Amino acid sequence: MTGDEPEAGPAAGASFFRFCPSCGAAGPTFVDNKFWHCRACGFDFFRNAAAAAGVIIHGPEGIVLLERSLEPRSGKLAFPGGFVDLGERAEEAALRECREEIGWAPPEIEYLGSYPNLYDYGGVGYYTCDIFYFYRAPGGSALPPLAPRDGEARRVRLLPPRAIQAADLAFPSTAWALGAYAATLG
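In terms of nonpolar packing, the biggest core is built from 19 residues, with I57, Y133 and L143 touching the most fellow members. Within the residue set of this core, elements represented by two or more residues are β4 (50-59), β5 (62-68), α2 (90-102) and β9 (124-136). Ranked by residues supplied to this core, first place goes to α2 with five residues. With near-sequence residues (within four places) excluded, L143 lies in contact with I57, G59, E61, V64, W104, Y135, A137 and L158.

See the structure below:
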C-alpha cells in the first residue's frame, strides 16, 4: 500500500477521483485511507461507511434466511435487512426492511452487534457498518407465513442454526452475526 489508496475494493484511492468534485482541478490525493483532498481548493471528500441493519428472526422452524436474487452475491443467504435511509434509526430500518422483504416485522428486536462489510455494487466497493438485531419467537410460538415481497429474494428459507454453513452466507458480516447469535443460545 502506498498510503494513497483504500485497503481493498474497486474504489481504489486516488484513481477513484481524477478531478476534484468541487473545483475540477486534476489529481486529488487520498489521505490516510479516509478522504480525498484537493490541493488546489482545499476541498475534502470523506469516505465513510454506510449503515445497514438486519434481523436474525428465530422461530421454532428455524432461522429466517433470504436466498438473494440480486447481485451482489445472488443465490447466497442473508438475513432480512438493508441500508439505513437518511434520518432513519437503525432499528427502524431493520423493521422496515423486514416488512418490505418478508411481509412481516417482529414486534420487538434486541441489539446483537455490528460488523464491518464491503458491499460491491456496480463496480464500486461500498464499506458498510452492518448492525444486527435478533428476535426469538416466545415460547416456541410459530412465525406468521413469510414470503419474498420486493424482488430482492428468490425465496424464504427456515434453517436450524447448526444447519447454516458460513460458505452459504452472502456476507462475512452475516457469518459473524450468526456466530454471535449462536453464542446467545448457550
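From this point on, the discussion continues.
Spatially, β1-β2-β3 is the arrangement adopted by the three strands of the open sheet, whose pairing is antiparallel. The outermost strands of the open sheet, each flanked by one partner alone, are β1 (29-31) and β3 (44-46). Within this sheet the neighbouring strands show an average axis-to-axis angle of 30 degrees, counted without direction. Across three bridges, strand β2 (residues 35-37) lies against β3 in antiparallel orientation. Among the inter-strand pairings, W36 is bridged to a residue of β3, identified as F45.

Turning to the packing of aromatic side chains, a few remarks are in order. Here the structure, examined in full by the defined rule, presents 13 aromatic pairs. With 5.0 Å between their ring centres and 75 degrees between their planes, F17 and F45 make a pair best called edge-to-face. Residue F17 is located in the loop between α1 (13-16) and β1, and its partner F45 is located in strand β3; the two are separated by 28 residues in the primary sequence. For F45, a relative accessible area of 34% puts it in the partly exposed group. Each ring, one from F30 and one from W36, has its centre 4.4 Å from the other, and the planes form 55 degrees; the classification is tilted.

The next point concerns unusual backbone geometry. Residue P72 is reached from E71 by a cis peptide bond, and omega for that bond is 5 degrees. Examined against the element boundaries, P72 turns out to sit in the loop between β5 and β6 (77-78). The phi angle at N33 is positive, at roughly 55 degrees, despite the residue not being glycine. Taking relative accessible area as the criterion, N33 reaches 23% and is therefore assigned partly exposed. One non-glycine residue, R73, adopts positive backbone phi at about 65 degrees. By the element assignment, R73 lies in the loop between β5 and β6. Taking relative accessible area as the criterion, R73 reaches 29% and is therefore assigned partly exposed.

Cut-offs and rules
Residues numbered from 1 in each chain as written. Predicted model: local features only at pLDDT ≥ 70, side-chain atom pairs only at ≥ 80, totals over all residues. Heavy atoms only, no water. Core = buried A, V, L, I, M, F, W, Y, C linked by side-chain atoms within 4.5 Å. Buried < 20%, exposed > 50% of the residue type's maximum accessible area, 1.4 Å probe, protein only. Helix = DSSP H or I, 4+ residues; strand = E, 2+ residues; numbered from the N terminus. Contact = heavy atoms within 4.5 Å. Pairing = 2+ DSSP bridges. Axes fitted to C-alpha atoms, helices over the stretch in contact; angles between N-to-C directions. Phe/Tyr/Trp six-rings, centres within 6.5 Å; stacked < 30°, edge-to-face > 60°.

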